[in-house]
Amino acid sequence: MVRPTQPMMARLRLTTKQVNGGYYKGNRTGSMGYFAKNGSYVIDWKKVRTYNVPENLNDFKLTPFVTKLMPPTKSKYTKEIERNGRFVTVEKGLQAQDYLDIWASDNGPEVLEYERRDQKRSSFVRAKQEAQRLKLEAEQENAEREKAARKAAFRQKMEAKKARKRERAQQAAQEGETTP
């Protein structure tokens, strides 16, 4: 029978979705009690973890990993703020730009490749924007030409209308002269 290797087993861990009801995987903290029939949780005090602290902690020979006397580590991420007319240096959290700067300093070739692609993209975007601008200008010029042509046609119509009115008026005046 073929079985998956240990690293593959780590990737194929059993989940609650792969098993029938009643399977509870947990998170490796251990049980500290049990669920009663009514749905409540009953703590079993025999299972609860207790930690024995030495009585004379100051005289105890084993020491913690970090001494209590160590001053807090200063952060290299600081910012200057003004308080009461004086500039004070205050620590700040790691910002996104700080992370990107660190990543860029650690990954030089990738950064150069990214910048090259970004320049290529930006030149493409600039060319596309220029083409859109030229197209928009051409459309505006065409619209202005059409508007001017419509105005000219309207003027011609109005002038023709006025000319016909004048002709009718002249004909009426001539007919009025001829008929006494």
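Worth saying up front: this structure is predicted, and the values here are computed from it rather than measured.

Definitions and limits used
Residues numbered from 1 in each chain as written. Predicted model: local features only at pLDDT ≥ 70, side-chain atom pairs only at ≥ 80, totals over all residues. Heavy atoms only, no water. Salt bridge = Lys/Arg side-chain N within 4 Å of Asp/Glu carboxyl O. Helix = DSSP H or I, 4+ residues; strand = E, 2+ residues; numbered from the N terminus. Buried < 20%, exposed > 50% of the residue type's maximum accessible area, 1.4 Å probe, protein only. Patch = residues over 30% accessible without salt bridge, like charges linked within 9 Å, V, L, I, M, F, W, Y side chains within 5 Å. Areas by Shrake-Rupley, 256 points an atom, 1.4 Å probe, with all protein chains shown as cover. Lys, Arg positive; Asp, Glu negative; His and termini not counted. Charge placed at Lys NZ, Arg CZ, Asp CG, Glu CD. Pairing = 2+ DSSP bridges. Phe/Tyr/Trp six-rings, centres within 6.5 Å; stacked < 30°, edge-to-face > 60°.

1. So, the pattern of salt bridges
Item 1. This structure, assessed with the given rule, holds 5 salt bridges.
Item 2. For Arg133, the salt bridge identified is with Glu137, shortest N-O distance 2.5 Å. Taken together, the residues Arg133 and Glu137, both in helix α3 (residues 108–178) and 4 residues apart, mark about one turn of the helix.
Item 3. We classify Arg133 as partly exposed; its relative accessible area is 38%.
Item 4. With a relative accessible area of 33%, Glu137 lands in the partly exposed category.
Item 5. Across the salt bridge formed by Arg145 and Glu141, the nearest N and O atoms sit 3.7 Å from each other. Taken as a pair, Arg145 and Glu141 lie in helix α3 at a separation of 4 residues, close to a single helical turn.
Item 6. Overall, Arg145 belongs to the exposed group, its relative accessible area being 52%.

2. Side note on a positive patch on the surface
Item 1. A surface patch of positive charge is lined by Lys147, Arg150, Lys151 and Arg155.
Item 2. Along the chain, Arg150 turns up in helix α3.

3. Some points on unusual backbone geometry
Item 1. Although it is not a glycine, Asn84 adopts a positive phi angle of roughly 50 degrees.
Item 2. Along the chain, the position of Asn84 falls in the loop between β3 (78–83) and β4 (86–91).

4. Let's talk about the pairing of β3
Item 1. In this structure, β3 lies alongside β4, joined through 6 bridges in antiparallel fashion. Note that in β4 the partner of Glu80 across the bridge is Thr89.

5. Describing a nonpolar patch on the surface
Item 1. Together, Met32, Phe35, Tyr41, Ile43 and Trp45 make up an exposed nonpolar region whose accessible area comes to about 610 Å².
Item 2. Relative to the helices and strands, Trp45 resides in the loop between β2 (41–43) and β3.

6. Considerations on the packing of aromatic side chains
Item 1. A complete count under the given rule lists 1 aromatic pair for this structure.
Item 2. With a centroid separation of 4.9 Å and an interplanar angle of 65 degrees, the aromatic rings of Phe35 and Tyr41 are classed as edge-to-face.

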